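Reading the structure
Spelled out from the first residue to the last, the chains are:
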Amino acid sequence: MHCPYCGESVEIALDPGSGANQQYIEDCQVCCRPWLVSVSYDEDGTAHVFVDASDDHDSDD
């Protein structure tokens, strides 16, 4: 993944045991700014991961 703030390439750990559709906040390992991470899993276990800057989303969404 690439941080949406600093652009650095970073790795994140996935937990398929936490459900087929997940959304959580994780901080960048380089610049420490928060991301909104969205993960979904296909029936065959393939993960689809999307990372956005967390301040791009209102808490009222």
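Presented here is a report on the structure given in the accompanying data block. (Residues numbered from 1 in each chain as written. Predicted model: local features only at pLDDT ≥ 70, side-chain atom pairs only at ≥ 80, totals over all residues. Heavy atoms only, no water.)

**Quick notes on the nonpolar core**
In a soluble, globular protein the nonpolar side chains are often hidden away together inside. Among the nonpolar cores identified, the biggest contains 9 residues, and these are Cys3, Val10, Ile12, Cys28, Trp35, Val37, Val39, Tyr41 and Val51. No other element matches strand β2 (residues 34–41), which puts 4 residues into this core. When residues no more than four places from it in sequence are discounted, the contact partners of Tyr41 are Leu14, Asp15, Pro16, Gly19, Ala20, Gln22, Thr46 and Ala47. (Core = buried A, V, L, I, M, F, W, Y, C linked by side-chain atoms within 4.5 Å. Buried < 20%, exposed > 50% of the residue type's maximum accessible area, 1.4 Å probe, protein only. Helix = DSSP H or I, 4+ residues; strand = E, 2+ residues; numbered from the N terminus. Contact = heavy atoms within 4.5 Å.)

**Thoughts on the side chain of Gln22**
Note on placement: Gln22 falls in strand β1 (residues 21–27). At 2.8 Å, the side chain of Gln22 and the backbone oxygen of Asp15 are in polar contact. Among residues more than four places away in sequence, those in contact with Gln22 are Asp15, Pro16, Val37, Ser38, Val39 and Tyr41. (Polar contact = N/O pair within 3.5 Å; in protein donor to acceptor, adjacent residues only side chain to side chain.)

Keep in mind these numbers describe shape, not what the thing actually does.
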